[in-house]
Amino acid sequence: ELAKKAPVPYWLLAYGGIALDTGLVMMGHHIMAALGNRLTLQSPSRGFSIELGAMFTVMVFSRAGVPVSTTHCMTGATTGVGLCNGDPGAVNWKLLVIIFGGWLITCPAAGLVTGMVFW
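What counts and what doesn't
- Throughout, a residue's number is its position along its own chain's written sequence, starting from 1.
- Since the coordinates come from a predicted model, pLDDT governs what is reported: local features require at least 70, and pairs of side-chain atoms require 80 or more to be given and counted, while whole-chain, interface and lining totals use all residues.
- Calculation of side-chain values draws on the structure's entire complement of heavy atoms; hydrogens and water are dropped beforehand.
- Lines fitted to the C-alpha atoms define the axes, with helices restricted to the stretch that makes contact. Angles between their N-to-C directions range from 0 to 180 degrees.
- Here a helix means four or more residues in a row that DSSP labels H or I, a strand means two or more in a row labelled E, and each is numbered from the N terminus.
- Just so you know how the angles are binned, under 35 degrees is roughly parallel, over 145 roughly antiparallel, 65 to 115 roughly perpendicular, and the rest oblique.
- Left-handed describes a crossing whose near helix is turned anticlockwise from the far helix by less than a right angle; the clockwise case is right-handed.
- Two residues qualify as a contact provided that any one of their heavy atoms is within 4.5 Å of a heavy atom in the partner residue.
- Note on residue classes: Ala, Val, Leu, Ile, Met, Phe, Trp, Tyr, Cys and Pro are nonpolar, Asp, Glu, Lys and Arg are charged, and everything else, Gly too, is polar.
- Here, expected helix span is obtained from the residue count minus one, scaled by 1.5 Å.
- Throughout, the bend at a residue refers to the angle made by two axes, fitted to the seven residues ending there and to the seven starting there.
- When a residue's accessible area, from a 1.4 Å probe over protein chains only, is under 20% of the maximum for its type it is buried; when over 50% it is exposed; and in between it is partly exposed.
- Within 6.5 Å between ring centres, the rings of Phe, Tyr and Trp (the latter by its six-membered ring) count as paired, and their orientation is classed by plane angle as stacked under 30 degrees, edge-to-face over 60, tilted in between.
- The definitions used throughout rest on a 1 Å grid laid over the protein atoms alone, on which a cavity is an enclosed set of points accommodating a 1.4 Å probe that cannot get out and a pocket is an open set flanked by protein within 12 Å on both sides along at least five of seven lines; lining residues are those having an atom within 4 Å of a point.
- Grid points are joined across faces, edges and corners, and a volume is the space filled by probe spheres set on the points.

Student: Hey, could you run me through the packing of helix H2 (residues 44-63) against helix H3 (residues 70-83) in this one?
Tutor: The description of two packed helices rests on the angle between their axes and on the distance between the axes. At a closest axis distance of 8 Å, the pairing of H2 and H3 adopts a crossing angle of 135°. Here H3 runs oblique to H2, going by the angle between their axes. Crossing angle aside, the handedness with which H2 passes H3 is right-handed. Judged by residue contacts, Arg-46, Ser-49, Ile-50, Glu-51, Ala-54, Thr-57 and Val-58 of H2 engage Thr-70, Cys-73, Met-74, Ala-77, Thr-78 and Val-81 from H3. Along the lines of polarity and charge, the residues of the contact of H2 with H3 split into seven nonpolar, four polar and two charged.

As structure tokens, then:
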């Protein structure tokens, strides 16, 4: 029988935190630049709307018990705010396809690396 909660070793939490911080330091500025003004033009009010939309998405799905990625939520909210401009040309669709392609590659790549580590 599976338990709802399982104890997580502290070393694993520390390793995960270090890995997240390392990724943020090494590649975080690329993500911030891409979602900044490269995906769609942003202003303070648009930024607020993006944050609000992503926050509600994360809260609703977390409450439902569905794991979601905050980066995916932010990208969707940014695209949605860009589309609210009334012009589909306001969104950089080429960049959005590149981002989506990166998402598709991430899961198999993570599985491959994990399999190689534990082999």
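Student: Could you clarify how one ought to interpret helix H4 (residues 93-117) in this entry?
Tutor: Each turn of an α-helix holds 3.6 residues, which means side chains three or four residues apart point in the same direction. For H4, with 25 residues, the first-to-last C-alpha span of 36 Å sits near the 36 Å given by 1.5 Å per residue. Most pronounced at Thr-106, the bend in H4 amounts to some 30°, and the proline Pro-108 follows within four residues. Of the residues making up H4, those classed as buried are Leu-95, Leu-96 and Ile-99. Structurally, H4 contributes buried residues whose contacts are with helix H1 (10-38) and H3.

Student: Explain the side chain of Thr-75 here, please?
Tutor: Summarising the element assignment, Thr-75 is placed in helix H3. Setting aside residues no more than four positions away along its own chain, Thr-75 makes contact with Leu-35, Leu-39, Leu-96, Ile-99 and Trp-103.

Student: What exactly am I supposed to notice about the packing of aromatic side chains here?
Tutor: Aromatic rings in a pair are described by how distant their centres are and how their planes are angled relative to each other. Considering all chains together, one arrives at one aromatic pair under this definition. When the ring of Phe-100 is compared with that of Trp-103, the centres are 6.3 Å apart and the planes differ by 70°; the resulting orientation is edge-to-face. Linking Phe-100 with Trp-103, this pair stays in helix H4, spanning three residues, or about one helical turn. On the accessibility criterion, Trp-103 (27% relative accessible area) is partly exposed.

Student: For this particular structure, what's the right way to read the environment of Leu-95?
Tutor: Within the element layout of this structure, Leu-95 appears in helix H4. For the pair Leu-95 and Leu-39, spaced 56 residues apart in sequence, the C-alpha separation works out to 6.5 Å. Excluding its chain neighbours within four sequence positions, the residues that come into contact with Leu-95 are Ala-34, Arg-38 and Leu-39.

Student: Where do I start with the layout of surface pockets in this structure?
Tutor: The calculated volume of the largest pocket comes to roughly 1,000 Å³. The wall of the largest pocket is formed by 31 residues, among which Leu-20, Gly-23, Met-27, Ile-31 and Thr-106 lie closest to the centre. At the level of secondary structure, the elements contributing two or more residues to the lining of the largest pocket comprise H1, H3 and H4. The element contributing the most residues to the lining of the largest pocket is H1, with 15 residues.

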